[in-house]
Amino acid sequence: AQIAGAIELRSSAGATLTNVVADDGAITVLTNGATQLVNVVSSTDADTNDIEITAASGNITVETVTAGAGVDGDVTLTATSGAIVDDGVNGTRVTGDVVTLRAAGNIGASGAAGQIDTTANRLTIESTVAGNVFLDETDAVELTDVRTENGSVTITTGGDTDVVLVRSTTDSEANDIAITASAG
């Protein structure tokens, strides 16, 4: 669907969002099962043109989610009882001013193909039960609040990285935190 104005979608099951494009409006999606985000775009960069997608159950698989040019539009993805999984292609990414990812389980997976790929000014990431966090940010970023209740955090950035708060709240040898800025 491609329209001017806001888009709101609700599904009592999972969903595959193949081509959901709002020319000038917010996008809100609520599903109750595995959700695949192939191409979800709010084309006009504005604070009011945010993208919010919640899967009440099941995993969210991320391909391309873009809120404008990533200057004003925000993206929030929530897998209430599942994980957020990358599609395995480094060229697809989540783009927004503030990108918020919340999941009960893992957010991404180890290795370049498994990391959630982002282009954001600020990242807020939370694994709410037990899960590892694996992110690959393309440029400079502020890590506003990155946490896991029980897991490790591995983040690679392509520029200056401002670390405000990053933590694993369970003290365990396996719950290491690694942040690498490849430039900047």
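Computed from a predicted model, the values in this text were never measured in an experiment.

A few words now on the overall build of the protein. Helix and strand counts for the protein come out as zero helices and 18 strands. Taking 2.2 N^0.38 as the reference for a compact globule, 184 residues should give roughly 16 Å; the C-alpha atoms of the protein span a radius of gyration of 15 Å, in line with that estimate. C-alpha atoms of the protein, sized along the principal axes, occupy 50 × 35 × 25 Å. The buried share of the protein, taken over its 184 residues, is 47%. Total accessible area on the protein is roughly 7500 Å²; 48% of this is exposed by carbon and sulfur atoms. Averaging the coordinates of the 6 positive side-chain charges in the protein and doing the same for the 26 negative ones gives two points 7 Å apart.

Let us now look at the environment of glycine 88. Along the polypeptide, glycine 88 turns up in the loop between β10 (84-86) and β11 (94-103). The spatial distance from the C-alpha of glycine 88 to the C-alpha of serine 110 is 11 Å, given a sequence separation of 22 residues.

To continue, consider the side chain of threonine 95. Examined against the element boundaries, threonine 95 turns out to sit in strand β11. Classification of threonine 95 as buried rests on a relative accessible area of 13%.

Leu77, Ile84, Leu101, Ile107 and Leu135 are the most contacted members of the largest nonpolar core, which totals 37 residues. Excluding anything up to four places from it in sequence, isoleucine 84 contacts Ile60, Val62, Leu77, Ala79, Leu101, Arg102, Ala103, Asn106, Ile107, Gly108 and Ile116.

This paragraph deals with the pattern of salt bridges. For the coordinates displayed, the defined rule picks out four salt bridges. One salt bridge connects aspartate 145 with arginine 147, and the closest N-O pair in it is separated by 2.5 Å. Exposure remark for arginine 147: the relative accessible area of 21% places this residue in the partly exposed category.

To continue, consider a nonpolar patch on the surface. Together, Val163, Ile177 and Ile179 give the surface a local cluster of nonpolar side chains, amounting to about 220 Å² of exposed area. Tracing the backbone shows valine 163 in strand β16 (residues 161-163).

For threonine 138, the location among the structural elements is in the loop between β13 (133-137) and β14 (141-148). In this structure, the C-alpha to C-alpha distance between threonine 138 and threonine 95, residues 43 residues apart in sequence, is 9.9 Å. If we skip the residues at most four places from it in the chain, threonine 138 touches Arg93, Thr118, Thr119 and Gly158. Side chain to side chain, threonine 138 and threonine 119 meet in a polar contact 2.9 Å long.

Turning our eyes to something else, we now look at the environment of glycine 68. Inspection of the secondary structure puts glycine 68 in the loop between β8 (60-67) and β9 (75-79). Judged by relative accessible area, glycine 68 falls into the buried class, the value being 14%. With 14 residues separating them in the primary sequence, glycine 68 and glycine 82 have C-alpha atoms 27 Å apart. When residues no more than four places from it in sequence are discounted, the contact partners of glycine 68 are Ser42, Ser43, Thr44 and Asp45.

Relative to the elements of secondary structure, aspartate 97 occurs in strand β11. Apart from residues no more than four positions distant in its own chain, aspartate 97 is found in contact with Gly70, Val71, Asp72, Gly73, Asp74, Ala120, Asn121 and Arg122.

What counts, and where the lines are drawn
Residues numbered from 1 in each chain as written. Predicted model: local features only at pLDDT ≥ 70, side-chain atom pairs only at ≥ 80, totals over all residues. Heavy atoms only, no water. Helix = DSSP H or I, 4+ residues; strand = E, 2+ residues; numbered from the N terminus. Rg over C-alpha atoms; globule rule 2.2 N^0.38 Å. Buried < 20%, exposed > 50% of the residue type's maximum accessible area, 1.4 Å probe, protein only. Areas by Shrake-Rupley, 256 points an atom, 1.4 Å probe, with all protein chains shown as cover. Lys, Arg positive; Asp, Glu negative; His and termini not counted. Charge placed at Lys NZ, Arg CZ, Asp CG, Glu CD. Core = buried A, V, L, I, M, F, W, Y, C linked by side-chain atoms within 4.5 Å. Contact = heavy atoms within 4.5 Å. Salt bridge = Lys/Arg side-chain N within 4 Å of Asp/Glu carboxyl O. Patch = residues over 30% accessible without salt bridge, like charges linked within 9 Å, V, L, I, M, F, W, Y side chains within 5 Å. Polar contact = N/O pair within 3.5 Å; in protein donor to acceptor, adjacent residues only side chain to side chain.

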